Amino acid sequence: MRLFNILEIEGLLQEFGQEALLWGQLCHPNILPFFGVYYLERKLCLISPWMENGNIFKYLKKRPFNMNRLSFVLDVALGVEYLHANNVVHGDLKSANILVTSSGRACIADFGLSYITNPMTFRFTHATLEHGRGGTLHYQAPELFQDEMNHFGSDIYAFGCIMTGKVPFYEIAKDPAPSSWSTPVLEQFWQLLQDCWNTARDLRPTAPQIVERLRGAPFELTTPERAPDWDEESTSKARRCLKPQPPAVSTAQLKQWGIRE
């Protein structure tokens, strides 16, 4: 076990605090919930529900290939759609950061490299926004090797990488498609992946477009009803759903209420 000196602990607390501040404001069925920060006797960790199924690669590796894997594709796409709708770039999407709940739902985790593209989304300090670089090499979009920051399009590229290669759907490239997959499904699946890997970042589909394609023909995926995976009441008070800020009060309303400017 490594012991940290005071300066190291302060640095770690700052990094953990930034991740906790962002993660704690996310609320979606396909986002791993944040419970709080644990710091005792020089031990630092962020608390979330225990995922006994592990990450999606290990989970699928232990199961037959003919199981319904496309439902996980939709789960991840819905999680990415939620993040991007709230101006959050994940920055490190990979199979190790996709966990599987007890009910069989895929959840996105690890927001250490995430950042927000619009400072009005959350009430953060400027220092909290100074992210956007880094990630896992094999999942990074080509433009990131030219010193660009992570962006929505690089998340989409990484999303495509998760769905093939060796994590977690490497069998598709070598073995016949499962009997439950028709030829149109397989063809459209590969077309979707190729679109996600487009070298031109602006030509990659957006997360809402991916969700729309997965819900349309020939996939026609739906979100199955599942039992709750965790008790929402047990989450930290610091955790709250993203909500739009109320509009500013107009001068006319102030006068109506009898308040002068």
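- You'll find the protein entered in an unreviewed UniProt entry as Kinase-like domain-containing protein, with Mycena metata given as the organism.

1. Topic: helix 3 (residues 70–85)
Working step 1: For helix 3, built from 16 residues, the straight-helix expectation of 22 Å at 1.5 Å per residue is met to within 8% by its first-to-last C-alpha distance of 22 Å.
Working step 2: Of all the 16 residues making up helix 3, 14 are buried; the element is thus mostly covered by neighbouring parts of the structure.
Working step 3: Immediately downstream of helix 3, the backbone of Asn-87 shows phi near 65 degrees, a positive value.

2. Brief notes about empty space enclosed by the protein
Working step 1: Summed over all chains, the structure comprises one cavity of 30 Å³ or more.
Working step 2: Empty space within the largest cavity amounts to approximately 70 Å³.
Working step 3: Every residue along the wall of the largest cavity is listed here: Gly-91, Asp-92, Leu-93, Gly-135, Thr-136, Tyr-139, Gln-140, Leu-144, Asn-150, Ser-154, Asp-155 and Ala-158.

3. Looking at the packing of aromatic side chains
The relative placement of two aromatic rings is captured by the distance of their centres and the angle of their planes.
Working step 1: This model, assessed by the stated rule, comprises four aromatic pairs.
Working step 2: Taken together, a centroid distance of 6.4 Å and an interplanar angle of 75 degrees make the contact between Phe-189 and Trp-190 edge-to-face.
Working step 3: Judged by its relative accessible area of 2%, Phe-189 falls in the buried class.
Working step 4: On the basis of relative accessibility, which here comes to 24%, the residue Trp-190 falls in the partly exposed class.
Working step 5: By way of ring pairs, the aromatic residues Trp-23, Phe-34 and Phe-111 are connected into one cluster.

Thresholds applied
- Residues numbered from 1 in each chain as written.
- Predicted model: local features only at pLDDT ≥ 70, side-chain atom pairs only at ≥ 80, totals over all residues.
- Heavy atoms only, no water.
- Helix = DSSP H or I, 4+ residues; strand = E, 2+ residues; numbered from the N terminus.
- Expected span 1.5 Å × (residues − 1).
- Buried < 20%, exposed > 50% of the residue type's maximum accessible area, 1.4 Å probe, protein only.
- 1 Å grid on protein atoms, 1.4 Å probe; cavity = no way out; pocket = protein on both sides within 12 Å on 5 of 7 lines; lining within 4 Å.
- Points joined across faces, edges and corners; volume = space filled by probe spheres on them.
- Phe/Tyr/Trp six-rings, centres within 6.5 Å; stacked < 30°, edge-to-face > 60°.

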